[in-house]
Structures are given as C-alpha cells and as structure tokens.
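Read off the chains here:
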Amino acid sequence: EDEKKKAELGLLMKDNKIKQQQLKQEATLKNYLFILLVVLVVAGIFIFRNLMLKRKNDQLQNGKLQAELQERATRLEMQALRAQMNPHFIFNCLSSINCFILENETEKASDYLTRFSRLIRMVLTNSEKSLITLDEELKMLKLYIDMERLRFENSFDYNITYTNDVEAETVLVPPLLLQPFCENAIWHGLMNKEGQGHLSITIVKENEYLNCIIKDNGIGRAKAGELNKGPAKKEKSMGLKITTERLSLFNQDKEMPAFYEMEDILDENGGVAGTKVSVKIRYKNLMEAVA
C-alpha cells in the first residue's frame, strides 16, 4: 500500500509539473500576444499619423497649386487686356476721330467717340471679373465691330447668331475672348478685300462646349500672311498665344489637343473665299458657378 501511495504521489507530482509547465507556457504566450498587440497599436498610430500628415501636405500642395493657377490666370487675363486694348488700338481710334474732325464730319466723330468711351468703360468694368455672361461679351463685341465698321466706312457688314439651346443671359465666358479672333478677321481678311465684306459669328452648343464659329469672306490666310509681315504678324501671334492659354486654363481639358481651329473657306472652284475659325469654350452657367 505504501508503494502504491508513493506511485500515486509520484504521478500527482508529475501532473503538477506538467500543469505548471503548461501554465508557464500559456503565460509566456499571453505576454508575447500582449507585446505584439502593443506593437501593432503603436505601429497603427504611427502609420495613421503619417497618413494624416501626408494628407495635410497634399492639401497644402493642392492649395498652393490652385493659388499658382489662379495667379497665372489673373496674369494672363491682364496680359490679354493689355494686348487687346493696347496703345496702338487707342491711337488708331483717336486718329480716326481726328480725321472725322478735320473733314468736318463732326457727327461721325461724336458717334465714334461715344462708342469708344462706352467700349473703354465696359472693358475696364469687366476686366475686374474672371467670368461674364455671354450676353455681356456679345454686347462688347458688337460695340467693337460697330466701331470698326464706322472707321472703315461700312466696307463690311456682320451678324451674330446663336441657337435656342444657348441662353446668353446665364452662360458664363471669360471676358474679351472672341474679340481677338474678330479683330484678326477684320484687319487681316476684310480690310484688304475688294468689294463688300461680311463677318458672321455663330454660337452653338455641342455637348459640354460652346462652339463659336467666326467666318469672313476676306482674302484668306495665305495672302494675309504675305501682306502682314514683321511686327504686325508678331503682335497677332502673341495675341493668339495669350488667348490659347486663357482657353486652356478655362476649359481644363487635357484630352483636347487644341481649343480653336482655323481653316480657309473654299468656293466651288477650289479658290480661297475667306477664313473660318472654330473656338471651343467649355459650357458653364450661373448655377454651376454658384455651386
């Protein structure tokens, strides 16, 4: 019986040792799991903090980029204003008024001066705005073309039309965007034409864009290029370059390779009968601007 009890006691001691080892292993495993959990929490906090810092830096970079783009847009708008209403243009206008006065055409001089002052006032007022309605843009454009017609003794006529789906009072466009194209059509196409000239501006909506089509029945690009060499041609290319950059900033469409196309108009015999320019302007209305 003593040996039996000793054997049972030995078994109990072995069981206790096994249980103690198991408890020790479980405690060690718990400690490892706890340490791993702490490491994961610390790593998670570190990663989360880095992500937040990166997001904040990205927002700062985006804000800086937006500010730079806005500054660039403002600079280009001012350059466009100076290029379009430059001292040369003002000098020509005043020279025309002077000619009317010298020829005792006081009524024409008064009419021209009145239109000129209205145009200057409208340009200065709208130059403070990044966007104006299409109706305001067309009013300035009509006033400018009327002045040119008066200066060239009504040697050309014009018409401006737009389709019913274009609401001129609510559609927004950058100011003085169409004037350079009309100026090129008048000065480089119609001014050197023999006979009555015609200028047409048609505005239609095509998907997300306004397509402004400017046509003239002038001498064409090739002859105009021969007649307009030197500083005048350089000023023309600079004006188109500035207008192209303004269109690019406003449209913000990298998939479109160009925002205006220029081509000759051919008659039935294949001869040049004028020039056509198609200007693409992203469609934007007052509701989008408010949103």
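Since we're looking at a predicted model, the values are computed, not measured.

## Topic: the pairing of strand S4 (residues 197-206)
Piece 1. One ladder, built from 7 bridges, connects strand S2 (residues 156-162) with S4; its direction is parallel. Within the sheet, the bridge partner assigned to Tyr158 lies in S4 and is Leu199.
Piece 2. Here 8 bridges tie S4 to strand S5 (residues 209-216), and the two strands are oriented antiparallel to one another. Across the sheet, the residue bridging to Glu206 is Tyr209, located in S5.
Piece 3. Turn length for the S4-S5 hairpin, with the two strands adjacent in sequence and antiparallel, is 2 residues, and the turn residue Asn207 shows positive phi of about 55°.

## Quick word on helix H4 (residues 134-151)
Piece 1. A rise of 1.5 Å per residue sets the reference length of H4, with its 18 residues, at 26 Å; its end C-alpha atoms lie 26 Å apart and thus fit the reference within 8%.
Piece 2. A positive backbone phi angle near 55° is found at Glu153, which sits one or two residues after H4.

## Things to note about the sheet that holds S4
Piece 1. What the 5 strands build is an open sheet, ordered S2-S4-S5-S7-S6; its pairing is mixed. On the outer flanks of this sheet lie S2 and strand S6 (260-266), each paired with one strand and no other. Taking each pair of neighbouring strands and ignoring which way they run, the sheet shows an average axis angle of 15°.
Piece 2. Taken together, the 7 bridges between S6 and strand S7 (residues 272-282) define a ladder with antiparallel strand orientation. Of the residues in S7, the one forming a bridge with Asp264 is Thr275.
Piece 3. On top of the sheet, H4 reaches S2 and S4; it is set at about 170° to S2, its chief contact.
Piece 4. Across the sheet, helix H5 (residues 179-190) touches S2, S4, S5, S6 and S7, and the angle it forms with S4 is around 150°.

## Points about the packing of aromatic side chains
Piece 1. Inspection of the entire model under this criterion finds 3 aromatic pairs.
Piece 2. Taking 5.9 Å as the distance between ring centres and 65° as the angle between the ring planes, the aromatic pair formed by Phe100 and Tyr112 counts as edge-to-face. Separated by 12 residues along the polypeptide, Phe100 in helix H2 (residues 87-102) and Tyr112 in helix H3 (residues 106-126) bring together distant segments of the chain.
Piece 3. Taking relative accessible area as the criterion, Phe100 reaches 7% and is therefore assigned buried.
Piece 4. Classification of Tyr112 as buried rests on a relative accessible area of 0%.

## Here we look at the pattern of salt bridges
Piece 1. Counted according to the given criterion, the structure contains 9 salt bridges.
Piece 2. A salt bridge links Asp146 to Arg115, with the shortest nitrogen-to-oxygen separation between them at 3.6 Å. Here Asp146 is found in helix H4, whereas its partner Arg115 is found in helix H3, with 31 residues between them in sequence.
Piece 3. A relative accessible area of 22% places Arg115 in the partly exposed class.
Piece 4. Between Arg282 and Glu208 there is a salt bridge, with its nearest N and O atoms 3.3 Å apart. Residue Arg282 is found in strand S7, and its partner Glu208 is found in the loop between S4 and S5; the two are separated by 74 residues along the sequence.
Piece 5. The structure contains a network of salt bridges with shared partners spanning Asp111, Arg115 and Asp146.

Reading the values: the criteria
Residues numbered from 1 in each chain as written. Predicted model: local features only at pLDDT ≥ 70, side-chain atom pairs only at ≥ 80, totals over all residues. Heavy atoms only, no water. Pairing = 2+ DSSP bridges. Helix = DSSP H or I, 4+ residues; strand = E, 2+ residues; numbered from the N terminus. Expected span 1.5 Å × (residues − 1). Axes fitted to C-alpha atoms, helices over the stretch in contact; angles between N-to-C directions. Contact = heavy atoms within 4.5 Å. Phe/Tyr/Trp six-rings, centres within 6.5 Å; stacked < 30°, edge-to-face > 60°. Buried < 20%, exposed > 50% of the residue type's maximum accessible area, 1.4 Å probe, protein only. Salt bridge = Lys/Arg side-chain N within 4 Å of Asp/Glu carboxyl O.

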